[in-house]
Amino acid sequence: MTQADLRTRLEEARASGLHHIARAQDLASLEEAQVRALGRKAALSRARSDLRQVPPEDRKELGRLANEVHAELEAAIAAKRATFQAAFMEKRWERERIDVTLPGDAPPVASIHPLTKTISAFVDIFVGLGYKVAEGPEIELSRYIFDALNMPPAHPARSPEQTFFVGGRGVDVCLRTETSPVQVRTMESQQPPVYVVVPGRCYRRDTADATHVAGFAQIEGLAVDEGITMGDLKGTLELFARSFFGDELDIRLRPHFFPFTEPSAELDVQCFVCKGSGCRLCKHEGWIELLGCGMVDPALLEWVGYDTERYTGFAFGMGVERLAALSHRISDIRLLWGNDLRFLTQFRGSG
Ligand code: DAH
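Residues numbered from 1 in each chain as written. Predicted model: local features only at pLDDT ≥ 70, side-chain atom pairs only at ≥ 80, totals over all residues. Heavy atoms only, no water.

## Regarding the site of the ligand
Quick reminder of the rule: Whether a residue is near a molecule or strand is decided by its heavy atoms; if any one of them lies within 4 Å of it, the residue is near. Here a polar contact is taken to be a pair of N or O atoms separated by no more than 3.5 Å, where protein atoms must pair a possible hydrogen donor with a possible acceptor and residues adjacent in sequence count only if both atoms sit in side chains. Accessible areas in this description were obtained via Shrake-Rupley with a 1.4 Å probe; residue shielding takes into account the shown protein chains only. For the purposes of this entry, the term helix denotes a DSSP run of H or I that reaches at least four residues, the term strand denotes a run of E that reaches at least two, and both are numbered from the N terminus. Charged means Asp, Glu, Lys or Arg here, nonpolar means Ala, Val, Leu, Ile, Met, Phe, Trp, Tyr, Cys or Pro, and polar covers whatever is left, Gly included.
Near the ligand there are 15 residues, and of these Glu 178, Gln 183, Arg 204, Gln 218 and Glu 220 occur at the shortest range. Within the backbone of Ala 315, an N or O atom sits 3.2 Å from an oxygen atom of the ligand. Coverage of the ligand by the protein amounts to 90% of the 350 Å² it exposes when considered alone. The set of elements that each furnish at least two residues to the shell around the ligand consists of strand E5 (215–226), strand E8 (287–296) and strand E9 (311–319). Classifying every residue of the shell around the ligand by side-chain character gives five nonpolar, seven polar and three charged.

Shown next as structure tokens:
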């Protein structure tokens, strides 16, 4: 094997390799061209292994030439591959192109449930007065919901006809029928002064109709401090009623009975539709009943160990559905629990 022979073979390997690479039409035929130009059986590889047979003094130069041919073929393959890949990507981009200027699909806009809005509006007013929000369990002990609230064993609310007992008759656990036990739980856990509002779900064995549902929401309020009087109760509720229904409206307290307040009252607000002259909403009474309230019965304060000589308090509680129904003129509170978007979407954005 002479030096000239090998040089010729290397040059031929270069020429034929470049030729095959140039002829490749796509990535697959380029792979084939690569095997032909650089594979183990390619002319270049064979010539390289024959390098051993040339005299050592020529080997270096021929070796360099072999490396150069190898590098050139590799570079040609890489360059060609890059153009195929670019063309492939271009086609793919064309195929998958997205017109970002098209209007998108608008996702449905959710809105806050009218009951949640009512609770928030109520809580906002009282937080503005310095009240805190307290919560309690929906599954409650008779001890808190009946005993502490002055309801003797024969009280009708303690019967399974009115209340959902958990575990059957005589068991001391039930779904709370009102948020009032949270008054006791809150007082038990802290010393006066206490100023809290308590939103939460309650449950009664009521057959659903336009003004009743078995699972509903209430909001409770409780203030206990030194020197609290019925005047404070009235002033606070007037502020609440006016912020909710209108600045000009009058309120009145009607005597009533609740086991846990003494004296007890119901609060009416002047009808915000007819301003007292009588209309359908107020059933021609001129007044709308809003809530129950009163001065906290000292028995509750004693139960939690407060000094009844020093502290007095007032409390109130109301149904959130009724409040929402009044402020949105909803005629049937079952709609509020119906989960019907045709109803719920009407309250988008409204306060
Ligand atoms: N818990 C009473 C009810 O469900 C409402 C109520 C009345 C709450 C008087 C009170 C209150 O805190 O003082 O009818």
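## Focus: helix H1 (residues 3–23)
Let me state the cut-off plainly: Each residue after the first adds 1.5 Å to the expected span of a helix. Only protein chains enter the accessibility calculation, which uses a 1.4 Å probe; a residue is then buried when its area is under 20% of its type maximum, exposed when over 50%, and partly exposed in between. What the arc describes is the spread of directions from the helix axis to the C-beta atoms. For this analysis, residues touch if any pair of their heavy atoms sits within 4.5 Å.
In this model H1 runs 30 Å from its N-terminal to its C-terminal C-alpha over 21 residues, within 8% of the 30 Å that 1.5 Å per residue would give. All buried positions along H1 are accounted for by Leu 6, Leu 10, Ala 13, Arg 14, Gly 17 and Ile 21. Considered in projection along H1, the buried side chains sweep an arc of 100 degrees and stay on one side of the axis. Summarising the geometry of H1, the exposed residues directed more than 90 degrees from the buried face are Ala 4, Glu 12, Ala 22 and Arg 23. Packing partners of the buried residues in H1 comprise helix H2 (27–38), helix H3 (43–49) and helix H4 (56–95).

## A short note on the pairing of E9
The cut-off we apply is this: Whether two strands pair depends on DSSP finding at least two bridges between them.
One ladder, built from nine bridges, connects E5 with E9; its direction is antiparallel. Paired with Glu 220 across the strands is Gly 317, a residue of E9. With four bridges connecting them, E8 and E9 associate as antiparallel partners. Bridged to Gly 294 within E9 is Ala 315.

## Observations concerning the side chain of Thr 186
Relative to the assigned elements, Thr 186 resides in helix H7 (residues 181–189). Discounting residues that sit within four places of it in the chain, Thr 186 has contacts with Ala 134, Val 194 and Val 196.

## Let's talk about the nonpolar core
Using the following cut-off: Working definition of a nonpolar core: buried Ala, Val, Leu, Ile, Met, Phe, Trp, Tyr and Cys residues. They are joined through side-chain atoms within 4.5 Å.
Ranked by size, the top nonpolar core spans 49 residues in total, and within it Phe 122, Phe 240, Phe 245, Leu 290, Leu 291 and Phe 316 carry the most contacts. No other element matches helix H8 (residues 230–245), which puts six residues into this core. For Phe 245, the residues in contact, after removing those within four places along its chain, are Val 269, Phe 272, Leu 290, Leu 323, Leu 326 and Ser 327.

## With respect to the sheet that holds E5
Spatially, E1-E4-E5-E9-E8-E7-E6 is the arrangement adopted by the seven strands of the open sheet, whose pairing is mixed. Looking at which strands have only one partner, the edges of the open sheet turn out to be strand E1 (132–133) and strand E6 (251–258). Across seven bridges, E6 lies against strand E7 (residues 261–270) in antiparallel orientation. When the sheet's bridge partners are listed, Phe 258 is paired in E7 with Thr 261.

## Side note on the pairing of E5
Of all twelve residues making up E5, ten are buried, and the element is well covered by its neighbours. Note: strand E4 (residues 194–203) against E5, ten bridges, orientation antiparallel. If you follow Val 198 over to E5, its bridge partner there is Glu 220.

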